[in-house]
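Architecture at a glance
Each chain, written out:
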Amino acid sequence: MRLTVRNKLAFCFGAFGKDIVYMLVNSYLLYYYNVVMGMSAAFIGTVLMGARIFDALNDPFMGVLVAKTSTRWGRFRPWIFSGTVLNAVTIYALFAVPRGMADSPMRVWMAVFYIAWGVTYTMMDIPFWSMIPAITDPGKDREQLSSFARSASGVGDAVPTVLTMVVVPVLSGTTALTGYWIGFKYWALIIAVVFVISEVVFCLNVPERKATKMESVKISQMFKSLVRNDQAMTIVVAVILVYMALNIVGNLILYFFQFDLKNTDVYSIFTAGCFAVQVLCMMFVPAIRKKVEKLRLFSAGVVIQIAGFAILLLLAFSGIYKNAWYLLLIPGMIVYAGYGVLNVMLTIFLSDSVDYGQAKNGTREESVIFSMQTFTVKLASGLAAFVSGVGIDMIGLKTSAAVQSASALNGLRLLVTVPSAILLVVAFFVFKKFYKLDDAMMAEVQAKIDHGSEASNED
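Attention in this report is confined to the structure presented alongside it.

Rules behind the numbers
- Counting restarts for each chain, with residues numbered from 1 along the sequence as it is written.
- Confidence filtering applies because this is a predicted model: local features only for residues at pLDDT of at least 70, side-chain atom pairs given and counted only at 80 or more, and all residues used for totals across whole chains, interfaces and linings.
- Note that water and hydrogens are dropped before the side-chain values are worked out from all heavy atoms of the structure.
- What counts as a salt bridge is simple: a side-chain nitrogen of Lys or Arg found within 4 Å of a carboxyl oxygen of Asp or Glu.
- Runs of E in the DSSP output that reach at least two residues are strands. Runs of H or I that reach at least four are helices, and both are numbered from the N terminus.
- Each residue is assigned to one of three classes by its accessible area relative to the maximum for its type, calculated with a 1.4 Å probe on protein chains only: buried under 20%, partly exposed between the two thresholds, exposed over 50%.
- All axes are obtained by fitting lines to C-alpha atoms, using only the stretch in contact for helices, and the reported angles, taken between N-to-C directions, cover 0 to 180 degrees.
- The cut-offs work like this: below 35 degrees is roughly parallel, past 145 is roughly antiparallel, 65 to 115 is roughly perpendicular, and the gaps in between are oblique.
- By definition, turning the near helix anticlockwise from the far helix through less than a right angle yields a left-handed crossing, and turning it clockwise yields a right-handed one.
- Throughout, a contact is declared for two residues whenever any of their heavy atoms are within 4.5 Å.

Moving on: the pattern of salt bridges. A full pass over the atoms with the stated rule returns eight salt bridges. Salt-bridge contacts for K436 lead to D230; the nearest nitrogen and oxygen are separated by 3.9 Å. On the criterion of sequence distance, the pair formed by K436 in the loop between α13 (406-434) and α14 (439-458) and D230 in helix α8 (residues 230-261) is long-range, its members being 206 residues apart. Taking the relative accessible area as the measure of exposure, K436 reaches 40% and is therefore partly exposed. Here D230 falls in the partly exposed class, since its relative accessible area comes to 27%.

Further remarks concern the environment of L314. In this fold, L314 is placed in helix α10 (residues 294-318). Accessibility expressed as a relative area gives 63% for L314, which makes it exposed. For L314 and P331, which are 17 residues apart along the polypeptide, the C-alpha to C-alpha distance reads 9.9 Å.

A separate point is the packing of helix α1 (residues 5-36) against α8. Interaxial distance between α1 and α8 falls to 9 Å at its minimum, and their mutual angle equals 45°. It follows from the interaxial angle that α1 and α8 lie oblique. Relative to α8, the crossing made by α1 is right-handed. Between α1 and α8, the residues in contact are N26, S27, Y28, L30, Y31, N34 and V35 and N247, G250, N251, L254, Y255, Q258 and F259, respectively.

Next up on the list: the environment of F257. Topologically, F257 is positioned in helix α8. Here F257 is in contact with K262, N263, T264, V266, Y267, F270 and L328, once residues within four sequence places are set aside.

If you want it as C-alpha coordinates, here you go:
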(Lines give C-alpha, C1' and ligand atoms only; values in the text may rest on other atoms or scores of the structure.)
Protein backbone atom coordinates (compact mmCIF):
# COMPACT_ATOMS: atom_id res chain seq x y z
CA MET A 1 0.00 0.00 0.00
CA ARG A 2 1.13 3.55 -0.68
CA LEU A 3 1.06 5.94 2.25
CA THR A 4 -0.18 9.49 1.90
CA VAL A 5 1.48 12.55 3.42
CA ARG A 6 -1.19 12.53 6.15
CA ASN A 7 -0.40 8.89 6.97
CA LYS A 8 3.33 9.63 7.27
CA LEU A 9 2.83 12.74 9.40
CA ALA A 10 0.55 10.78 11.74
CA PHE A 11 3.17 8.04 12.01
CA CYS A 12 5.83 10.64 12.85
CA PHE A 13 3.59 12.25 15.47
CA GLY A 14 3.15 8.82 17.06
CA ALA A 15 6.92 8.30 17.13
CA PHE A 16 7.39 11.72 18.72
CA GLY A 17 4.84 11.05 21.47
CA LYS A 18 6.23 7.61 22.17
CA ASP A 19 9.74 8.88 22.77
CA ILE A 20 8.89 11.86 24.98
CA VAL A 21 7.48 9.33 27.45
CA TYR A 22 10.47 7.02 27.16
CA MET A 23 13.06 9.77 27.60
CA LEU A 24 11.35 11.36 30.62
CA VAL A 25 11.60 8.03 32.44
CA ASN A 26 15.04 7.12 31.13
CA SER A 27 16.63 10.47 31.99
CA TYR A 28 14.85 11.63 35.14
CA LEU A 29 13.44 8.72 37.14
CA LEU A 30 16.67 8.16 39.10
CA TYR A 31 16.97 11.88 39.80
CA TYR A 32 13.32 12.20 40.86
CA TYR A 33 13.31 9.34 43.36
CA ASN A 34 16.84 9.92 44.66
CA VAL A 35 17.24 13.71 44.75
CA VAL A 36 13.64 14.92 45.01
CA MET A 37 12.07 12.09 47.04
CA GLY A 38 15.16 10.99 49.00
CA MET A 39 15.22 7.29 48.14
CA SER A 40 18.44 5.25 48.10
CA ALA A 41 20.14 5.49 44.71
CA ALA A 42 21.46 1.94 44.98
CA PHE A 43 17.93 0.59 45.51
CA ILE A 44 16.61 2.60 42.57
CA GLY A 45 19.43 1.40 40.32
CA THR A 46 18.81 -2.22 41.30
CA VAL A 47 15.07 -1.95 40.55
CA LEU A 48 15.75 -0.22 37.23
CA MET A 49 18.22 -2.92 36.21
CA GLY A 50 15.96 -5.81 37.19
CA ALA A 51 12.91 -4.29 35.53
CA ARG A 52 14.79 -3.46 32.31
CA ILE A 53 16.16 -7.00 32.05
CA PHE A 54 12.65 -8.37 32.59
CA ASP A 55 11.34 -5.92 30.00
CA ALA A 56 14.02 -7.00 27.52
CA LEU A 57 13.06 -10.65 28.00
CA ASN A 58 9.41 -9.67 27.59
CA ASP A 59 9.92 -8.24 24.07
CA PRO A 60 9.83 -11.58 22.20
CA PHE A 61 6.66 -12.64 24.05
CA MET A 62 4.99 -9.40 23.01
CA GLY A 63 6.05 -10.17 19.45
CA VAL A 64 4.30 -13.54 19.71
CA LEU A 65 1.07 -11.93 20.95
CA VAL A 66 1.09 -9.35 18.16
CA ALA A 67 1.75 -12.04 15.56
CA LYS A 68 -1.30 -13.98 16.74
CA THR A 69 -3.65 -10.97 16.92
CA SER A 70 -6.43 -10.50 14.41
CA THR A 71 -9.26 -8.02 15.03
CA ARG A 72 -11.61 -5.81 13.02
CA TRP A 73 -9.33 -2.86 13.93
CA GLY A 74 -6.21 -4.64 12.71
CA ARG A 75 -3.31 -6.48 14.29
CA PHE A 76 -1.23 -3.59 15.60
CA ARG A 77 -3.51 -0.69 16.49
CA PRO A 78 -5.45 -2.40 19.32
CA TRP A 79 -2.17 -3.05 21.13
CA ILE A 80 -0.83 0.44 20.42
CA PHE A 81 -3.97 2.16 21.71
CA SER A 82 -4.45 -0.02 24.81
CA GLY A 83 -0.74 0.03 25.65
CA THR A 84 -0.66 3.82 25.31
CA VAL A 85 -3.59 4.44 27.66
CA LEU A 86 -2.23 2.07 30.30
CA ASN A 87 1.28 3.47 29.95
CA ALA A 88 0.04 7.04 30.33
CA VAL A 89 -1.54 6.06 33.65
CA THR A 90 1.65 4.39 34.90
CA ILE A 91 3.98 7.23 33.94
CA TYR A 92 1.78 9.70 35.81
CA ALA A 93 1.75 7.39 38.84
CA LEU A 94 5.55 7.04 38.71
CA PHE A 95 5.99 10.80 39.11
CA ALA A 96 3.02 11.35 41.44
CA VAL A 97 4.15 9.73 44.67
CA PRO A 98 1.73 10.80 47.43
CA ARG A 99 3.31 13.52 49.54
CA GLY A 100 4.50 12.26 52.92
CA MET A 101 4.67 8.59 51.91
CA ALA A 102 7.23 6.72 54.03
CA ASP A 103 10.34 5.21 52.47
CA SER A 104 9.30 1.53 52.53
CA PRO A 105 5.89 1.95 50.86
CA MET A 106 7.47 4.41 48.44
CA ARG A 107 9.92 1.70 47.37
CA VAL A 108 7.02 -0.65 46.70
CA TRP A 109 5.19 2.12 44.80
CA MET A 110 8.22 2.82 42.61
CA ALA A 111 8.97 -0.85 41.89
CA VAL A 112 5.37 -1.78 41.04
CA PHE A 113 4.68 1.18 38.79
CA TYR A 114 8.07 1.03 37.06
CA ILE A 115 7.58 -2.63 36.17
CA ALA A 116 4.04 -1.80 35.01
CA TRP A 117 5.39 1.10 32.98
CA GLY A 118 7.90 -1.17 31.23
CA VAL A 119 5.31 -3.85 30.42
CA THR A 120 2.74 -1.37 29.07
CA TYR A 121 5.37 0.51 27.06
CA THR A 122 6.41 -2.77 25.43
CA MET A 123 2.72 -3.39 24.63
CA MET A 124 2.69 -0.39 22.30
CA ASP A 125 6.36 -0.13 21.29
CA ILE A 126 6.77 -3.54 19.65
CA PRO A 127 3.65 -3.28 17.42
CA PHE A 128 4.40 0.39 16.65
CA TRP A 129 7.73 -0.27 14.90
CA SER A 130 6.51 -3.59 13.51
CA MET A 131 3.96 -1.67 11.45
CA ILE A 132 6.62 -0.22 9.12
CA PRO A 133 7.38 -3.42 7.18
CA ALA A 134 3.73 -4.42 7.45
CA ILE A 135 2.29 -1.27 5.80
CA THR A 136 5.04 -0.45 3.29
CA ASP A 137 6.82 -2.27 0.51
CA PRO A 138 10.63 -2.45 0.30
CA GLY A 139 12.21 0.58 -1.32
CA LYS A 140 11.80 4.33 -1.24
CA ASP A 141 8.48 4.50 0.62
CA ARG A 142 9.67 2.28 3.47
CA GLU A 143 13.06 4.00 3.77
CA GLN A 144 11.43 7.43 3.77
CA LEU A 145 8.93 6.49 6.47
CA SER A 146 11.69 4.91 8.59
CA SER A 147 13.88 7.99 8.26
CA PHE A 148 11.08 10.45 9.08
CA ALA A 149 9.86 8.39 12.04
CA ARG A 150 13.34 8.02 13.55
CA SER A 151 13.93 11.76 13.15
CA ALA A 152 10.61 12.49 14.88
CA SER A 153 11.50 10.13 17.72
CA GLY A 154 14.81 11.97 18.04
CA VAL A 155 12.90 15.21 18.54
CA GLY A 156 10.79 13.38 21.12
CA ASP A 157 13.98 12.36 22.93
CA ALA A 158 15.20 15.95 23.03
CA VAL A 159 12.01 17.58 24.36
CA PRO A 160 11.98 16.15 27.92
CA THR A 161 15.77 16.07 28.13
CA VAL A 162 16.05 19.77 27.34
CA LEU A 163 12.84 21.14 28.90
CA THR A 164 12.31 19.18 32.12
CA MET A 165 14.62 21.24 34.33
CA VAL A 166 13.10 24.41 32.89
CA VAL A 167 9.45 23.40 33.22
CA VAL A 168 9.55 21.59 36.58
CA PRO A 169 10.61 24.66 38.66
CA VAL A 170 7.93 26.74 36.94
CA LEU A 171 5.19 24.18 37.64
CA SER A 172 6.49 23.78 41.20
CA GLY A 173 6.42 27.51 41.85
CA THR A 174 9.79 27.22 43.55
CA THR A 175 13.45 26.50 42.85
CA ALA A 176 13.76 24.48 46.07
CA LEU A 177 14.26 20.75 45.47
CA THR A 178 11.72 19.91 48.15
CA GLY A 179 9.01 21.45 45.99
CA TYR A 180 9.97 19.72 42.73
CA TRP A 181 7.64 16.80 43.46
CA ILE A 182 4.74 19.04 42.41
CA GLY A 183 6.39 20.10 39.15
CA PHE A 184 7.35 16.55 38.19
CA LYS A 185 3.79 15.36 38.84
CA TYR A 186 2.21 17.93 36.55
CA TRP A 187 4.97 17.67 33.92
CA ALA A 188 4.41 13.89 33.79
CA LEU A 189 0.67 14.52 33.40
CA ILE A 190 1.27 16.92 30.49
CA ILE A 191 3.57 14.44 28.77
CA ALA A 192 1.09 11.60 29.36
CA VAL A 193 -1.71 13.63 27.74
CA VAL A 194 0.46 14.54 24.72
CA PHE A 195 1.40 10.87 24.45
CA VAL A 196 -2.23 9.72 24.35
CA ILE A 197 -3.18 12.40 21.81
CA SER A 198 -0.25 11.48 19.55
CA GLU A 199 -1.14 7.78 19.50
CA VAL A 200 -4.86 8.44 18.99
CA VAL A 201 -3.94 10.56 15.95
CA PHE A 202 -1.67 7.71 14.85
CA CYS A 203 -4.35 5.02 15.22
CA LEU A 204 -6.96 7.09 13.37
CA ASN A 205 -4.72 8.07 10.47
CA VAL A 206 -2.32 5.18 9.84
CA PRO A 207 -4.17 2.36 8.07
CA GLU A 208 -3.31 -1.31 8.23
CA ARG A 209 -3.28 -3.50 5.18
CA LYS A 210 -5.03 -6.86 5.26
CA ALA A 211 -3.34 -9.07 7.82
CA THR A 212 -0.83 -11.59 6.53
CA LYS A 213 1.13 -14.23 8.37
CA MET A 214 3.65 -12.61 10.70
CA GLU A 215 6.69 -14.38 12.09
CA SER A 216 7.46 -13.99 15.79
CA VAL A 217 10.89 -14.22 17.35
CA LYS A 218 11.61 -16.52 20.28
CA ILE A 219 14.40 -15.95 22.79
CA SER A 220 15.90 -19.33 21.90
CA GLN A 221 16.09 -18.23 18.25
CA MET A 222 17.84 -15.01 19.22
CA PHE A 223 20.63 -16.70 21.15
CA LYS A 224 20.95 -19.54 18.66
CA SER A 225 21.48 -17.01 15.90
CA LEU A 226 24.20 -15.28 17.90
CA VAL A 227 26.06 -18.55 18.49
CA ARG A 228 25.95 -19.27 14.75
CA ASN A 229 27.02 -15.73 13.81
CA ASP A 230 30.23 -14.64 15.53
CA GLN A 231 30.12 -11.18 13.94
CA ALA A 232 26.61 -10.49 15.24
CA MET A 233 27.84 -11.55 18.68
CA THR A 234 30.71 -9.05 18.44
CA ILE A 235 28.32 -6.25 17.52
CA VAL A 236 25.91 -7.12 20.34
CA VAL A 237 28.76 -6.87 22.84
CA ALA A 238 29.75 -3.51 21.34
CA VAL A 239 26.15 -2.26 21.50
CA ILE A 240 25.95 -3.13 25.20
CA LEU A 241 29.26 -1.37 25.95
CA VAL A 242 28.56 1.77 23.90
CA TYR A 243 25.00 2.21 25.14
CA MET A 244 26.02 1.56 28.75
CA ALA A 245 28.67 4.27 28.42
CA LEU A 246 26.20 6.86 27.18
CA ASN A 247 23.42 5.89 29.61
CA ILE A 248 25.73 6.23 32.61
CA VAL A 249 26.49 9.79 31.51
CA GLY A 250 22.81 10.45 30.84
CA ASN A 251 21.89 9.29 34.35
CA LEU A 252 24.61 11.27 36.13
CA ILE A 253 25.28 14.50 34.24
CA LEU A 254 22.33 16.26 35.92
CA TYR A 255 23.84 15.32 39.30
CA PHE A 256 27.04 17.04 38.15
CA PHE A 257 25.17 20.25 37.32
CA GLN A 258 23.10 20.04 40.52
CA PHE A 259 25.77 19.29 43.12
CA ASP A 260 29.11 20.23 41.57
CA LEU A 261 28.36 23.20 39.33
CA LYS A 262 25.31 24.10 41.49
CA ASN A 263 23.51 25.51 38.48
CA THR A 264 20.71 23.52 36.82
CA ASP A 265 19.44 26.62 34.97
CA VAL A 266 22.02 26.05 32.22
CA TYR A 267 21.48 22.29 32.03
CA SER A 268 18.87 22.68 29.29
CA ILE A 269 21.27 24.75 27.16
CA PHE A 270 23.95 22.11 27.65
CA THR A 271 21.71 19.21 26.62
CA ALA A 272 20.29 21.14 23.65
CA GLY A 273 23.82 21.75 22.34
CA CYS A 274 24.78 18.10 22.79
CA PHE A 275 21.67 16.79 21.01
CA ALA A 276 22.13 19.24 18.13
CA VAL A 277 25.70 18.08 17.53
CA GLN A 278 24.68 14.42 17.74
CA VAL A 279 21.97 14.84 15.11
CA LEU A 280 24.28 16.77 12.80
CA CYS A 281 26.95 14.08 13.04
CA MET A 282 24.42 11.37 12.28
CA MET A 283 23.34 13.29 9.20
CA PHE A 284 26.91 13.65 7.91
CA VAL A 285 28.07 10.07 8.55
CA PRO A 286 26.84 8.77 5.14
CA ALA A 287 28.88 11.45 3.33
CA ILE A 288 31.99 10.78 5.45
CA ARG A 289 31.53 7.05 4.97
CA LYS A 290 32.14 7.45 1.22
CA LYS A 291 35.72 8.51 1.96
CA VAL A 292 36.54 6.66 5.18
CA GLU A 293 36.66 2.91 5.74
CA LYS A 294 33.96 1.90 8.21
CA LEU A 295 36.20 0.32 10.84
CA ARG A 296 38.28 3.49 10.95
CA LEU A 297 35.11 5.53 11.29
CA PHE A 298 34.00 3.37 14.21
CA SER A 299 37.42 3.74 15.84
CA ALA A 300 37.24 7.49 15.30
CA GLY A 301 33.86 7.62 17.05
CA VAL A 302 35.26 5.76 20.07
CA VAL A 303 38.39 7.95 20.23
CA ILE A 304 36.28 11.11 19.94
CA GLN A 305 34.10 10.05 22.86
CA ILE A 306 37.05 9.07 25.05
CA ALA A 307 38.68 12.42 24.27
CA GLY A 308 35.49 14.17 25.35
CA PHE A 309 35.46 12.32 28.66
CA ALA A 310 39.13 13.11 29.21
CA ILE A 311 38.52 16.82 28.63
CA LEU A 312 35.49 16.75 30.95
CA LEU A 313 37.57 15.09 33.67
CA LEU A 314 40.34 17.69 33.33
CA LEU A 315 37.83 20.54 33.48
CA ALA A 316 36.11 18.99 36.49
CA PHE A 317 39.28 18.75 38.55
CA SER A 318 40.65 22.11 37.39
CA GLY A 319 37.60 23.95 38.68
CA ILE A 320 37.80 26.43 35.81
CA TYR A 321 34.21 25.67 34.77
CA LYS A 322 32.88 27.11 38.04
CA ASN A 323 32.99 30.62 36.59
CA ALA A 324 32.64 29.60 32.94
CA TRP A 325 30.06 26.79 32.75
CA TYR A 326 29.90 27.05 28.96
CA LEU A 327 33.30 25.37 28.78
CA LEU A 328 31.44 22.14 29.61
CA LEU A 329 29.80 22.37 26.20
CA ILE A 330 33.14 21.48 24.62
CA PRO A 331 33.51 17.97 26.11
CA GLY A 332 29.73 17.46 26.06
CA MET A 333 29.47 18.12 22.34
CA ILE A 334 32.55 16.01 21.66
CA VAL A 335 31.07 13.03 23.53
CA TYR A 336 27.72 13.29 21.73
CA ALA A 337 29.41 13.79 18.38
CA GLY A 338 31.24 10.51 18.88
CA TYR A 339 28.03 8.82 19.93
CA GLY A 340 26.27 10.10 16.81
CA VAL A 341 28.94 8.41 14.69
CA LEU A 342 28.82 5.15 16.67
CA ASN A 343 25.02 4.99 16.61
CA VAL A 344 24.97 5.02 12.81
CA MET A 345 27.96 2.71 12.43
CA LEU A 346 26.58 0.05 14.77
CA THR A 347 23.36 -0.05 12.72
CA ILE A 348 25.44 -0.53 9.56
CA PHE A 349 27.52 -3.25 11.23
CA LEU A 350 24.41 -5.07 12.36
CA SER A 351 23.04 -5.06 8.80
CA ASP A 352 26.38 -6.38 7.53
CA SER A 353 26.27 -9.20 10.07
CA VAL A 354 22.96 -10.34 8.56
CA ASP A 355 24.63 -10.70 5.15
CA TYR A 356 27.59 -12.44 6.77
CA GLY A 357 25.27 -14.91 8.50
CA GLN A 358 23.54 -15.67 5.21
CA ALA A 359 26.85 -16.30 3.47
CA LYS A 360 28.18 -18.42 6.34
CA ASN A 361 25.11 -20.40 7.41
CA GLY A 362 22.84 -20.21 4.37
CA THR A 363 20.02 -18.51 6.29
CA ARG A 364 19.06 -14.84 6.47
CA GLU A 365 17.90 -13.85 9.95
CA GLU A 366 17.16 -10.12 9.85
CA SER A 367 14.24 -10.15 12.29
CA VAL A 368 16.10 -12.29 14.78
CA ILE A 369 19.29 -10.18 14.74
CA PHE A 370 17.47 -6.85 15.00
CA SER A 371 15.25 -8.17 17.79
CA MET A 372 18.45 -8.98 19.65
CA GLN A 373 19.50 -5.35 19.26
CA THR A 374 16.35 -4.23 21.10
CA PHE A 375 17.10 -6.76 23.83
CA THR A 376 20.69 -5.56 24.27
CA VAL A 377 19.83 -1.84 24.27
CA LYS A 378 17.38 -2.41 27.14
CA LEU A 379 19.93 -4.60 28.93
CA ALA A 380 22.53 -1.84 28.59
CA SER A 381 20.07 0.71 29.97
CA GLY A 382 19.37 -1.44 33.03
CA LEU A 383 23.05 -2.12 33.74
CA ALA A 384 23.85 1.59 33.39
CA ALA A 385 21.11 2.50 35.87
CA PHE A 386 22.51 -0.04 38.33
CA VAL A 387 26.07 1.29 38.01
CA SER A 388 24.84 4.88 38.39
CA GLY A 389 22.65 4.18 41.40
CA VAL A 390 25.18 2.09 43.30
CA GLY A 391 27.94 4.54 42.38
CA ILE A 392 26.04 7.51 43.85
CA ASP A 393 25.67 5.75 47.18
CA MET A 394 29.27 4.49 47.15
CA ILE A 395 30.80 7.96 46.74
CA GLY A 396 28.76 9.24 49.67
CA LEU A 397 26.74 11.86 47.82
CA LYS A 398 24.11 13.32 50.17
CA THR A 399 21.28 14.62 48.00
CA SER A 400 19.62 16.38 50.95
CA ALA A 401 22.79 18.26 51.97
CA ALA A 402 23.40 21.85 50.88
CA VAL A 403 27.16 21.26 50.72
CA GLN A 404 28.84 18.07 49.55
CA SER A 405 32.14 16.75 50.85
CA ALA A 406 35.23 17.06 48.68
CA SER A 407 35.49 13.26 48.42
CA ALA A 408 31.88 12.99 47.23
CA LEU A 409 32.40 15.64 44.55
CA ASN A 410 35.63 14.04 43.38
CA GLY A 411 33.84 10.71 43.30
CA LEU A 412 31.04 12.23 41.20
CA ARG A 413 33.54 13.66 38.72
CA LEU A 414 35.17 10.27 38.34
CA LEU A 415 31.83 8.46 38.14
CA VAL A 416 30.58 10.68 35.29
CA THR A 417 33.67 10.08 33.18
CA VAL A 418 35.86 7.07 34.03
CA PRO A 419 33.41 4.11 33.83
CA SER A 420 32.13 5.28 30.43
CA ALA A 421 35.65 5.76 29.10
CA ILE A 422 36.65 2.28 30.28
CA LEU A 423 33.60 0.72 28.60
CA LEU A 424 34.50 2.45 25.33
CA VAL A 425 38.12 1.27 25.53
CA VAL A 426 36.85 -2.30 25.97
CA ALA A 427 34.49 -1.84 23.01
CA PHE A 428 37.41 -0.63 20.90
CA PHE A 429 39.58 -3.67 21.66
CA VAL A 430 36.67 -6.09 21.23
CA PHE A 431 36.14 -4.73 17.74
CA LYS A 432 39.81 -4.63 16.92
CA LYS A 433 40.27 -8.28 17.89
CA PHE A 434 37.04 -9.92 16.73
CA TYR A 435 35.34 -7.83 14.05
CA LYS A 436 36.46 -8.72 10.53
CA LEU A 437 33.76 -7.41 8.18
CA ASP A 438 35.78 -4.64 6.58
CA ASP A 439 34.93 -3.38 3.08
CA ALA A 440 37.05 -6.08 1.39
CA MET A 441 35.46 -8.86 3.44
CA MET A 442 31.96 -7.56 2.73
CA ALA A 443 32.71 -7.62 -1.00
CA GLU A 444 33.53 -11.32 -0.65
CA VAL A 445 30.37 -11.90 1.40
CA GLN A 446 28.21 -10.20 -1.22
CA ALA A 447 29.85 -12.19 -4.01
CA LYS A 448 29.11 -15.43 -2.16
CA ILE A 449 25.48 -14.42 -1.64
CA ASP A 450 25.12 -13.46 -5.31
CA HIS A 451 26.69 -16.75 -6.38
CA GLY A 452 24.27 -18.67 -4.14
CA SER A 453 21.31 -16.79 -5.60
CA GLU A 454 22.43 -17.56 -9.14
CA ALA A 455 22.87 -21.24 -8.33
CA SER A 456 19.43 -21.33 -6.75
CA ASN A 457 17.86 -19.73 -9.82
CA GLU A 458 19.53 -22.26 -12.09
CA ASP A 459 18.09 -25.09 -10.04
